[in-house]
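Fold and geometry: a report
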Amino acid sequence: MTTTVPATTTAAGPLGDRETDAREKDIMRFRVVSGPDLTTRNDAYLAWQLDRQQADLWPYFRRYDTALTTRATVVSDTGVITEGPNFGGQDYLSLTGHPAILDAAHQALRDYGPLTAGSPALGGATPVSRALEAGLAEALRTEHVALFPTGWASGFGTIRALMHRRDHILLDKLSHDSLRQGATASGASVEFFRHLDNDAVRRHLTGIRATDTTHAVLVVTEGVFSMDSDTPQLAELLGICREFGAQLMVDVAHDFGAMGEFGGGQLEVHDILGEVDFVVGAFSKTFATTGGFLATPSASAREYVRMFGGPQTFSSAITPVQTAVAHASLSIVNSPEGARRRAAVAAVATRLREGLTARGMEVMGDVVCPVVPVLIGDTPTGRTASGLIARAGLVAHLVEQPAVASDAARFRMQAMADHSNADVDTAIDILDTCIRKARQQTAR
Ligand SMILES: Cc1ncc(COP(=O)(O)O)c(C=O)c1O
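Note that this is a predicted model, so its numbers are computed, not measured.

**So, the overall build of the protein chain**
Along the backbone of the protein chain there are 15 helices and 14 strands. Whereas a compact globule of 444 residues would reach a radius of gyration of roughly 22 Å, the protein chain reaches 22 Å, a difference of no more than 12%. For the protein chain, the spread of C-alpha atoms along the principal axes amounts to about 60 × 50 × 45 Å. Positive and negative charge centroids in the protein chain, built from 40 and 50 side chains respectively, lie 3 Å apart.

**Structural notes on the site of the ligand**
For the ligand, the full set of nearby residues is T150, G151, W152, H176, S178, E222, D251, A253, H254, A282, S284 and K285. Here a nitrogen atom of the ligand sits 2.7 Å away from a polar atom, N or O, in the side chain of D251. Contact distances for the ligand include 3.2 Å between an oxygen atom and a side-chain N or O atom of K285. When its residues are assigned to classes, the shell around the ligand shows three nonpolar, six polar and three charged.

**A few points about empty space enclosed by the protein**
The probe, sized like a water molecule, is rolled over the atoms to show the empty space still left. With the rule as written, the count across this model stands at one cavity of 30 Å³ or more. Taken as a whole, the largest cavity encloses approximately 160 Å³ of empty space. If you trace the largest cavity, you find 16 residues lining it, with D56, W58, R62, S76 and V80 closest to the centre. The element best represented in the lining of the largest cavity is helix α14 (residues 379–392), accounting for four residues. Looking at the lining of the largest cavity residue by residue, the class counts come to six nonpolar, five polar and five charged.

**Here we look at helix α8 (residues 234–243)**
Every buried residue belonging to α8 is among L234, L237, L238, I240 and C241, and all of these are buried. Projected onto a plane normal to the axis of α8, the buried residues spread over an arc of 160° and lie on a single side. Taken together, the buried residues of α8 touch α7 (198–211), β7 (217–222), β8 (247–251) and α9 (265–269). A positive backbone phi angle near 65° is found at G245, which sits one or two residues after α8.

**A few points about helix α5 (residues 151–162)**
Taking 1.5 Å per residue as the helical rise, α5 with its 12 residues ought to reach 16 Å, and the 17 Å between its terminal C-alpha atoms agrees with that figure. Buried residues dominate α5, accounting for 10 of its 12 residues. Those residues of α5 lying buried are G151, A153, S154, G155, F156, G157, T158, I159, A161 and L162. The backbone nitrogen of W152 lies 3.4 Å from a side-chain oxygen of the residue at the head of α5, namely T150.

**As for the packing of aromatic side chains**
Here the structure, examined in full by the defined rule, presents 12 aromatic pairs. Plain terms: the ring middles of F30 and Y45 are 5.3 Å apart, the flat faces sit at 75° to each other, and that makes the pair edge-to-face. Here the residue F30 occupies a position in the loop between α1 (17–24) and α2 (43–54), and Y45 occupies one in helix α2, the gap between them amounting to 15 residues. A residue is classified by how much of its surface remains accessible, and F30, at 17% relative accessible area, is buried. Given the relative accessible area of 25%, Y45 is considered partly exposed. With a centroid separation of 6.5 Å and 65° between ring planes, the pair formed by Y60 and F61 is classed as edge-to-face. With relative accessibility at 23%, the residue Y60 sits in the partly exposed group. The exposure class of F61 is exposed, given its relative accessible area of 64%.

**Focus on the domain arrangement of the protein chain**
By the assigned domains, the protein chain splits into domain 1 (56–86 + 336–443) and domain 2 (99–333). If you look at the interface, domain 1 gives 21 residues, while domain 2 gives 17 residues. Taken together, both faces of the contact between domain 1 and domain 2 bury some 1,300 Å²; the carbon and sulfur share is 57%. It is R342, V367 and R412 in domain 1 that bury the most area against domain 2; as a group they hold 39% of the surface buried on that side. Seen at the junction of domain 1 and domain 2, the total is one salt bridge. Linking domain 1 to domain 2 there are 13 residue pairs in polar contact (both at pLDDT 80 or more). When residues of the side of domain 1 that touches domain 2 are assigned to their parent elements, the largest contribution, six residues, is made by helix α13 (residues 336–358). Of the residues belonging to the side of domain 1 that touches domain 2, the class tally is 11 nonpolar, three polar and seven charged.

**Here we look at the pattern of salt bridges**
By the definition in use, this model includes 23 salt bridges. A salt bridge links D65 to R63; the nearest nitrogen and oxygen atoms lie 2.6 Å apart. E303 is paired through a salt bridge with R302; the nearest N and O atoms lie 2.7 Å apart. One network of salt bridges, in which partners are shared, links R130, E133, R302, E303 and R306.

**Re a nonpolar patch on the surface**
Judged by side-chain polarity, Y304, M307 and F308 come together as a nonpolar surface patch covering roughly 310 Å² of accessible area. Residue position: F308 is located in helix α10 (residues 299–308).

**Some points on the side chain of D212**
Structurally, the position occupied by D212 is in the loop between α7 and β7. One buried charged residue, D212, forms no salt bridge at all, with the nearest opposite charge on R209 at 4.5 Å. In terms of polar contacts, D212 uses its side chain to reach the side chain of H168, at 2.8 Å. In contact with D212, not counting residues within four places along its chain, are R166 and H168.

How each quantity is defined
Residues numbered from 1 in each chain as written. Predicted model: local features only at pLDDT ≥ 70, side-chain atom pairs only at ≥ 80, totals over all residues. Heavy atoms only, no water. Helix = DSSP H or I, 4+ residues; strand = E, 2+ residues; numbered from the N terminus. Rg over C-alpha atoms; globule rule 2.2 N^0.38 Å. Lys, Arg positive; Asp, Glu negative; His and termini not counted. Charge placed at Lys NZ, Arg CZ, Asp CG, Glu CD. Near = heavy atom within 4 Å. Polar contact = N/O pair within 3.5 Å; in protein donor to acceptor, adjacent residues only side chain to side chain. Nonpolar A, V, L, I, M, F, W, Y, C, P; charged D, E, K, R; others polar. 1 Å grid on protein atoms, 1.4 Å probe; cavity = no way out; pocket = protein on both sides within 12 Å on 5 of 7 lines; lining within 4 Å. Points joined across faces, edges and corners; volume = space filled by probe spheres on them. Buried < 20%, exposed > 50% of the residue type's maximum accessible area, 1.4 Å probe, protein only. Arc of directions from axis to C-beta. Contact = heavy atoms within 4.5 Å. Expected span 1.5 Å × (residues − 1). Phe/Tyr/Trp six-rings, centres within 6.5 Å; stacked < 30°, edge-to-face > 60°. Domains from an automatic or database assignment. Buried area = accessible area lost by both parts, 1.4 Å probe. Salt bridge = Lys/Arg side-chain N within 4 Å of Asp/Glu carboxyl O. Patch = residues over 30% accessible without salt bridge, like charges linked within 9 Å, V, L, I, M, F, W, Y side chains within 5 Å. Areas by Shrake-Rupley, 256 points an atom, 1.4 Å probe, with all protein chains shown as cover.

Next comes the structure, spelled out in structure tokens:
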């Protein structure tokens, strides 16, 4: 079956050279601007963004008019309505509409209201947040857990608190923004190693320990890299860290709960549950709510992060509804139903992967995880395809610079347990048709 893509009808009509600029120019040229007036010096950026919006080349800030289910209605700022299979949301186990989750949310709202007393340091905990910490500690086999208001805050706050000037941080080159920003803000010396390359980690550590045996070294990686759908050899990496007296941090935002026979994510798959020094994660992919956590075997590190991790002391705690939803999601993750849902999302991702590959598209990564990135390559084709896909009735997000390199634009398809075969097949048809059409248009 071939999907028919309706002709693009932009409100403004052809923009001439400005349209070429909107399609082709690099967003990063606006990243550093100068000038004395902060209220006007980004006007050129805004003009470029508006051109992109008018030319159907702007994939950001769309709104969902429906709940986060397998089919959704999404509306762009220029009024383009996309109604169809939803591969742009993060609800890997399809828990956001689950009756037990909604009941837990309502109960927490009735019992504790919509807000906590303040930051975790100042009365932000409730019995539900304590139960969630205990549940996470058990699931990750790591005794000490601290909750954060977002996944981003957990990575940033933990690194920012623990690491100091003269310490060393070694990050995978493709580490998430929260980890990179935490590293920069900490004042420690920061180095990046080649993506997934444990030999490179060993070389960096050899260099650091040749001159410095007195300061801490934190090696930072992720369980699954969601832009690439790949995973490090975690057990080997942990061994290398131990050899050099370094500590390991793994961000399990995308794999914890959604992967592994028992939901322990890549730490379970690599048989190192409970051994990693610092595990940070987000609830927003698998646990049906926003929020994040740190899990560590170190009581003192946890207490220190609770006192000095910015969002622990100076930002209001994750709300009772969030903690109740995450807690109820964890119960499902740990149950036979969780295992069924993990198998279902893996089947959806596999069907998507295989179908796209059969049509000649390049699917990135080598692990079957809920994220299926479809490589486009050049940014102009990605932007053009994104506009066509939105009009063809598929919710799928383009990822381009600054999230990935300018020659590595891609669509990050995110599978959910409840996606049907028909959803997957429609998505494959639309991607195939629209990406081909975009390639023809940009080749002209
Ligand atoms: C690896 C990683 N860490 C942290 C986060 C942030 O999580 P949240 O969006 O829940 O703050 C994300 C999500 O974008 C992520 O991919």
